[in-house]
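Per-entry structural report
Listed here are the chains, written in short residue letters.
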Number of protein chains: 4
Amino acid sequence: MEKIKVAVLGATGSVGQKFIQLLEGHPFFELVELGASERSAGKTYKDAVNWFMETPIPDSVKNLKIKNCRPPFESKIIFSGLDSSVAGEIETEFAHAGYIVVSNSKNHRMDKDVPLIIPEVNPEHLQLIKAQNYNGGAIVTNPNCSTIGMVLALKPLHDRFGISKVNVVTMQALSGAGYPGVSALDLTDNVVPFISGEDEKLEKEPLKILGSFSGDEIKEAEIKISAQTNRVPVIDGHTESVQVELKKKATEKEIIKAWEEFSAEPQELNLPFAPEKPIHYFREEKYPQPRLHRNIDKGMAVSVGRLRPCNIFDYKFTVLSHNTIRGAAGGAILAAELLVKKGFLQ
Amino acid sequence: MEKIKVAVLGATGSVGQKFIQLLEGHPFFELVELGASERSAGKTYKDAVNWFMETPIPDSVKNLKIKNCRPPFESKIIFSGLDSSVAGEIETEFAHAGYIVVSNSKNHRMDKDVPLIIPEVNPEHLQLIKAQNYNGGAIVTNPNCSTIGMVLALKPLHDRFGISKVNVVTMQALSGAGYPGVSALDLTDNVVPFISGEDEKLEKEPLKILGSFSGDEIKEAEIKISAQTNRVPVIDGHTESVQVELKKKATEKEIIKAWEEFSAEPQELNLPFAPEKPIHYFREEKYPQPRLHRNIDKGMAVSVGRLRPCNIFDYKFTVLSHNTIRGAAGGAILAAELLVKKGFLQ
Amino acid sequence: MEKIKVAVLGATGSVGQKFIQLLEGHPFFELVELGASERSAGKTYKDAVNWFMETPIPDSVKNLKIKNCRPPFESKIIFSGLDSSVAGEIETEFAHAGYIVVSNSKNHRMDKDVPLIIPEVNPEHLQLIKAQNYNGGAIVTNPNCSTIGMVLALKPLHDRFGISKVNVVTMQALSGAGYPGVSALDLTDNVVPFISGEDEKLEKEPLKILGSFSGDEIKEAEIKISAQTNRVPVIDGHTESVQVELKKKATEKEIIKAWEEFSAEPQELNLPFAPEKPIHYFREEKYPQPRLHRNIDKGMAVSVGRLRPCNIFDYKFTVLSHNTIRGAAGGAILAAELLVKKGFLQ
Amino acid sequence: MEKIKVAVLGATGSVGQKFIQLLEGHPFFELVELGASERSAGKTYKDAVNWFMETPIPDSVKNLKIKNCRPPFESKIIFSGLDSSVAGEIETEFAHAGYIVVSNSKNHRMDKDVPLIIPEVNPEHLQLIKAQNYNGGAIVTNPNCSTIGMVLALKPLHDRFGISKVNVVTMQALSGAGYPGVSALDLTDNVVPFISGEDEKLEKEPLKILGSFSGDEIKEAEIKISAQTNRVPVIDGHTESVQVELKKKATEKEIIKAWEEFSAEPQELNLPFAPEKPIHYFREEKYPQPRLHRNIDKGMAVSVGRLRPCNIFDYKFTVLSHNTIRGAAGGAILAAELLVKKGFLQ
């Protein structure tokens, strides 16, 4: 198979850098173009970027000349890590021009005809793009980083037992705020109990993702969700204290079984970025922990632990996932792989 | 008024050190005796202790010779910061010998005849000690550090509106685990979603503290509480994401008013360790934060913020309190001041 | 004595906030005016500032209306916490207009006729301002935060034994970079071995401060200094590993004696911000440490420890000082107090 | 080639865990035996260990039964990560019994007939073991973690220009103290300017390692070294501010060339744990940084940066290396690989 040419928009930002790092040597995709703001356009990537990944800039990317974020591009797939202040319009423009945009930005997530995809959870929602009016182009979106880990953990329970209520309190990593993002003076020896707009995303996005797809539209899941989001001094990995009320009673054993047996289309299709096991359940009561477990299965698996009965809901447990890999660039790449394998690119 | 002689048991431990630091220059109490384990007994305090407070060892304490933790002592009040592995028996022995034990240990907290006191919340529970069979001695206990902040914030709401359910997720400070306590390898760039026995304390102790006192026993409050406790990289100050269901509906304004107007017996009696305002409500959406607000009113006030409606409960908000001052040694000293002023020492 | 009216320029920045916090209730000074950039001018202070001190904004300051940084002001003394991009010109303009400018900015520090003052070290350099051509106005500067702690520790050794070489490696606190300053992604689980321009300041400023004053100019001290500066994940308090070569040999005992006996004009004059003992020597081999000792004597004392012989120089030791109090706003206030007490304001 | 059976002593400790993690799938070695203290002996590894590596316990190790640390063992090579309180005797006993002990403990490092090996620096010192009286057994040691990185960076300079003086100040990682090691209360928002015995190791070990080997003994290098060691809040990676005085003057360009061209026997022999380039020089003035660069070349390369002239010595620069990989278990494995390839096992 010939590699598919792809571009990264917002290439100098933190999500953009992660896209570039993860796309190195990808079996399906060849990164051939970068887009960034006026300020960077025209420069080579290595001169424009303040690279802060732990691996060096891939050699094939170092000297790419940065373009303005406007079509035409020679790529077929456009990964967008654009800031939400500009992502909306630019992504629309690329879709109209016939490109497949896979976006990590929030702008189009809740659009009626735009799928909000977690490949293991709602791959069937990809059909939605057929309803988009983009002359062969399309927009597919990635949920918010705090949503993805939680919904992956909820999915097997929702399938087997039905979920009626979800309560969640997050302890989110610094990298979720981009770079430079949070001041070290704000998050050394401290917790910040507020992340702008984050409670809302975590309360709304899961309803769409877990919604049923009738063939032409998504009917939101009927789940009551309440979220409180906090920032803590952790580099990568969002930790979430979750509680659920189930429609059908289940034992702890049945719940753990649901998680451990969970496998979905990306696993069946053997997609390159699909984790072998999407959910790892830890029996040790002090696990999962972000520093120890965020990188499981190259950062694409979700770790769950501490399942126990709850005095108010049915169960409580802890969920951990890597916010910039599974929760952003890696998740978007997996979605693009799914698009390819399911024939959406023809 | 002549100062009352007091002792600190467990004097070399982290709670013991905090007691010693806070008792320096106290207007009611004179610290004259220290008790610690066999290993330290006989040594001067400065030789036995690995002092790690930010202020120096008080001069009057440096050269006190450490005693074994057995009566007789010349003090009237015995502050106990003993480890729970030994606290139970030793405290009982001192009470039997006629001393007033004010303990920060968990051992006697749930004993039927032992008051579990937050001076602003349930001062009337002190009457319970009259039922104790200790020939003039008594045991009074301080709740768990994560309980105290939360219950102080709940009290005015419970009084005005009635509380039926409480959901809480904590982000607790390192100092709550004592010294050396947690390894720096476990809590640098990390969260640990487990504190042994802590969920349980936070679910049970508030029921006793908010319980009604009929004159001879405490009837536990009928509140459903669910707790999930986490350890985060913060030196001092427990942050808690709390949700409440009220019996009587209330507006946000009424709730904030309840907090801001809250004042109780320690304030009326003008006790030395009583904060001027027990509860500070912050209107800035990014507050309260442990590093900025744990020391408000010398660490004895509780900070609350982020009140907002909840999709599942009635309201959600964030509570912050200093776990080793208000939540341990400072809270115990305030309880002792209350005992003195209400005449329990005669 | 009637209080002297003072202003703070750069009032919304991190040094400005520290000035405001420390000036609250000052016995000599009354803070009556604030200056900041165009963007803030015209607003009340509480509306313009992103306050991040641990104590609340003083009530007397909250509603002060921010001015543009141009004379006339009604104050006599102008404390400048301005950014170095604008400080040079503005400070000159205020001096020309007759004000006494006490600046924490680097711009005028190395000007020939501007004293670079550490009140305990070179109070006689204040005479330099008589040579300034400012019609009664003057500029006095505060050294760099990493310079102040080191030079205070060097001064008694230089006086008694003579210093020929100084080698220093710093581990500097986050607050030295202002707010927001350093990204939390750069300084969580990390060290940054570079601070722009800092090695140079630390190598040059001490030569001027320790220089001799002949009556009309300063002759730089003849000391070879080499500095390497690093940023570490500490909120406040610069720690420095220092080595010295002495002209006259001295024993460890004599050196410690020199530190412990050190006292200077600010102590004699009993200035409000003067620490009782400028230098605290710790005999415990694990001290000094920033979290434990930065606040000694309200953050105005320097802590020293770990004196031991060196294979290359004569001695090595560790110095710690609070970079935003002694090393910035507090040091500048002490210098202003000295100006007042020595009659420079008449 | 058939794999050589190896054992790890001190298998439950932090160095032992790192040995086990790194030996998984090793092309030369098969880990077949584990030794630990009485307390663990007899248990399976997974039951005895508090595993805190970021990857899971290798399946082949999970169920190994832990032995007492006494011969006989069936392995040929014994990797020792024993605590220094017991390492001396146990290692001697294994050597006497005919085993090749490769030790990370300090006990035998300075023994006259024991090579202190950094494979790229002094591979010829391995000949020393021929002088050992162990009936075919031998002891080879790994230097201290803070020594290894520095000496690797010094070696090419010493070879080309000669070094007469070295001055070093370290900022060492938490993992260097083992587990649980340092309390989080000591190293959150803090620096500790003392590591027991560390200054001394860093001043003495390099003299032996860089010493010349005459055929029967090592003549120590004549270099004056002065070291000051500090602990900082970093998980892995020791950062060192180094200064050197050279015998033969060299330009910056020549020095960087010496580093970049450096390659040695492990690279020629293509040893599995040999980094491709032992030294990476960074031209960006803010590099190297522990979080970004400790894992370069699987944690076996040393990063150097910030070379610049010095007012006292000739040059100053920053060195960074991974203290538990290159500085402990990985370095010892590389030494064992060298032993194998150079025929010391026949």
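Residues numbered from 1 in each chain as written. Chains lettered and ligands numbered in written order. Predicted model: local features only at pLDDT ≥ 70, side-chain atom pairs only at ≥ 80, totals over all residues. Heavy atoms only, no water.

Right, let's get into the packing of aromatic side chains. As enumerated under the stated definition, the model contains 42 aromatic pairs over all chains in all. When the ring of C:Phe94 is compared with that of C:Tyr99, the centres are 5.4 Å apart and the planes differ by 65 degrees; the resulting orientation is edge-to-face. In this pair, the class of C:Phe94 matches that of C:Tyr99, namely buried. Arranged with centres 4.3 Å apart and planes meeting at 25 degrees, the rings of D:Phe52 and D:Tyr179 form a pair that is stacked. Taken together, the positions of D:Phe52 in the loop between helix 2 (45-48) and helix 3 (59-62) and D:Tyr179 in the loop between strand 7 (163-172) and helix 6 (198-209) put the pair 127 residues apart, joining distant regions of the chain. With a relative accessible area of 12%, D:Phe52 lands in the buried category. You can call D:Tyr179 partly exposed: its relative accessible area is 26%. An aromatic cluster of at least three residues, connected via ring pairs, comprises A:Phe19, A:Phe28, A:Phe29 and A:Phe79. When the ring centre of B:Phe73 is taken as origin, the NZ or CZ atom of B:Lys67, which lies over that ring, is 5.0 Å away. (Phe/Tyr/Trp six-rings, centres within 6.5 Å; stacked < 30°, edge-to-face > 60°. Buried < 20%, exposed > 50% of the residue type's maximum accessible area, 1.4 Å probe, protein only. Helix = DSSP H or I, 4+ residues; strand = E, 2+ residues; numbered from the N terminus. Lys NZ or Arg CZ within 6 Å of the ring centre and 35° of its normal.)

Time to look at the pairing of strand 11 (residues 238-246) of chain B. All names here are of chain B. Counting buried positions over the nine residues of strand 11 gives eight, a clear majority of the element. In this structure, strand 7 (residues 163-172) lies alongside strand 11, joined through eight bridges in antiparallel fashion. Across the sheet, residue Ile163 finds its bridge partner in strand 11, namely Leu246. Bridge count for strand 11 against strand 14 (residues 315-321) is seven bridges, and the pairing is antiparallel. Bridging across to strand 14, Gln243 finds its partner in Lys316. (Pairing = 2+ DSSP bridges.)

For the rest of this paragraph, the subject is the relation of the copies chain A and chain B. Once chain A is rotated about the relating axis by 180 degrees and shifted along it by 0.0 Å, it coincides with chain B to within an RMSD of 0.0 Å. Considering both components of the superposition, the chain copies are consistent with a two-fold axis. Mapped onto chain B, 100% of the interface residues of chain A again fall at the interface, so both copies present the same surface. (Least-squares fit on C-alpha atoms with pLDDT ≥ 70 in both. Contact = heavy atoms within 4.5 Å.)

So, about the interface of chain A and chain B. Taken together, the contacts link 47 residues of chain A with 47 residues of chain B. Across the interface of chain A and chain B, roughly 3,800 Å² is buried in total on both sides, 50% from carbon and sulfur atoms. Per-residue buried area on chain A facing chain B is highest for A:Asp189, A:Gln228 and A:Ile312; these three make up 17% of the total on that side. Summed over the shared surface of chain A and chain B, the result is eight salt bridges. (Buried area = accessible area lost by both parts, 1.4 Å probe. Salt bridge = Lys/Arg side-chain N within 4 Å of Asp/Glu carboxyl O.)

Moving on to the domain arrangement of chain A. All names here are of chain A. Domain parsing of chain A yields domain 1 (4-144 + 329-341) and domain 2 (145-322). Taking only C-alpha atoms into account, the centre of domain 1 sits 24 Å from that of domain 2. The partner domain 2 presents 34 residues to the 33 residues of domain 1 that form the contact. Summed over both partners, the interface of domain 1 with domain 2 comes to about 2,900 Å²; 71% of that surface belongs to carbon and sulfur atoms. Per-residue buried area on domain 1 facing domain 2 is highest for Glu120, Val121 and Asn144; these three make up 27% of the total on that side. Summed over the shared surface of domain 1 and domain 2, the number is one salt bridge. A salt bridge links Arg109 to Glu205, with the shortest nitrogen-to-oxygen separation between them at 2.9 Å. Mapped onto the side of domain 1 that touches domain 2, the elements with two or more residues apiece are helix 1 (14-23) and helix 10 (325-341). Along the lines of polarity and charge, the residues of the side of domain 1 that touches domain 2 split into 16 nonpolar, 10 polar and seven charged. (Domains from an automatic or database assignment. Nonpolar A, V, L, I, M, F, W, Y, C, P; charged D, E, K, R; others polar.)

Let us now look at the interface of chain C and chain D. Contacts between the two partners involve 47 residues from chain C and, on the opposite side, 47 residues from chain D. Counting the surface lost from both chain C and chain D, the interface buries some 3,800 Å², and carbon and sulfur atoms represent 50% of this. Contact with chain D buries area across many residues of chain C, yet C:Asp189, C:Gln228 and C:Ile312 alone supply 17% of it, more than any other trio. The interface formed by chain C and chain D holds eight salt bridges in total. Residue D:Glu203 is joined to C:Lys316 by a salt bridge in which the shortest nitrogen-to-oxygen separation is 2.7 Å. The interface formed by chain C and chain D includes 30 residue pairs in polar contact (both at pLDDT 80 or more). (Polar contact = N/O pair within 3.5 Å; in protein donor to acceptor, adjacent residues only side chain to side chain.)

This brings us to the pattern of salt bridges. Within the structure shown, the criterion is met by 80 salt bridges over all chains. Here B:Lys67 makes a salt bridge to B:Glu33, at a shortest N to O gap of 2.5 Å. Taken as a pair, B:Lys67 in strand 3 (residues 66-68) and B:Glu33 in strand 2 (residues 29-36) lie far apart in primary sequence, 34 residues in all. Counted as one network, the salt bridges with shared partners bring together A:Arg160, A:Lys257 and A:Glu261.

Remark on secondary structure: sheet strands pair via backbone hydrogen bonds, oriented parallel or antiparallel. Residues and elements named next belong to chain B. One open sheet accounts for six strands, arranged 10-7-11-14-13-12; its pairing is mixed. Since the sheet does not close on itself, it has two edges, and those belong to strand 10 (224-231) and strand 12 (279-282), each with one partner. Across the sheet, the mean angle from the axis of one strand to that of its neighbour is 20 degrees, orientation sign disregarded. Across the sheet, helix 6 (residues 198-209) is in contact with strand 7 and strand 10; its angle to strand 10 comes to roughly 145 degrees. (Axes fitted to C-alpha atoms, helices over the stretch in contact; angles between N-to-C directions.)

In this arrangement, two copies of a chain are superimposed by a rotation about an axis accompanied by a shift along the axis. Superposition record for chain C on chain D: RMSD 0.0 Å, screw rotation 180 degrees, translation along axis 0.0 Å. Comparing interface residues between copies, 100% of those in chain C also lie at the interface in chain D; the contact surface is shared.

A word on helix 5 (residues 145-161) of chain A. Residue and element names in this part refer to chain A. For helix 5, which comprises 17 residues, the first-to-last C-alpha distance of 25 Å matches the rise-based estimate of 24 Å (1.5 Å per residue) to within 8%. The sharpest bend along helix 5 comes to roughly 35 degrees, located at Leu154, with the proline Pro156 sitting one to four residues further on. Positioned one or two residues after helix 5, Gly162 has a phi angle of 75 degrees, which is positive. (Expected span 1.5 Å × (residues − 1). Bend = angle between axes of the 7 residues up to and from the residue.)

Let us look at the confidence of the model for chain A. Scored by pLDDT, chain A comes out at a mean of 97, with 100% of its residues at no less than 70. Note on the complex model: pTM 0.97, ipTM 0.96. (pLDDT = per-residue confidence, 0-100.)

Relative to the helices and strands, D:Ser183 is located in the loop between strand 7 and helix 6. According to the relative accessible area criterion, D:Ser183 is buried, its value standing at 4%. At 3.0 Å, the side chain of D:Ser183 and the backbone nitrogen of D:Leu185 are in polar contact. Once residues lying within four places of it in the same chain are set aside, the contact partners of D:Ser183 are B:Tyr179, B:Pro180, B:Val182 and B:Ala184.

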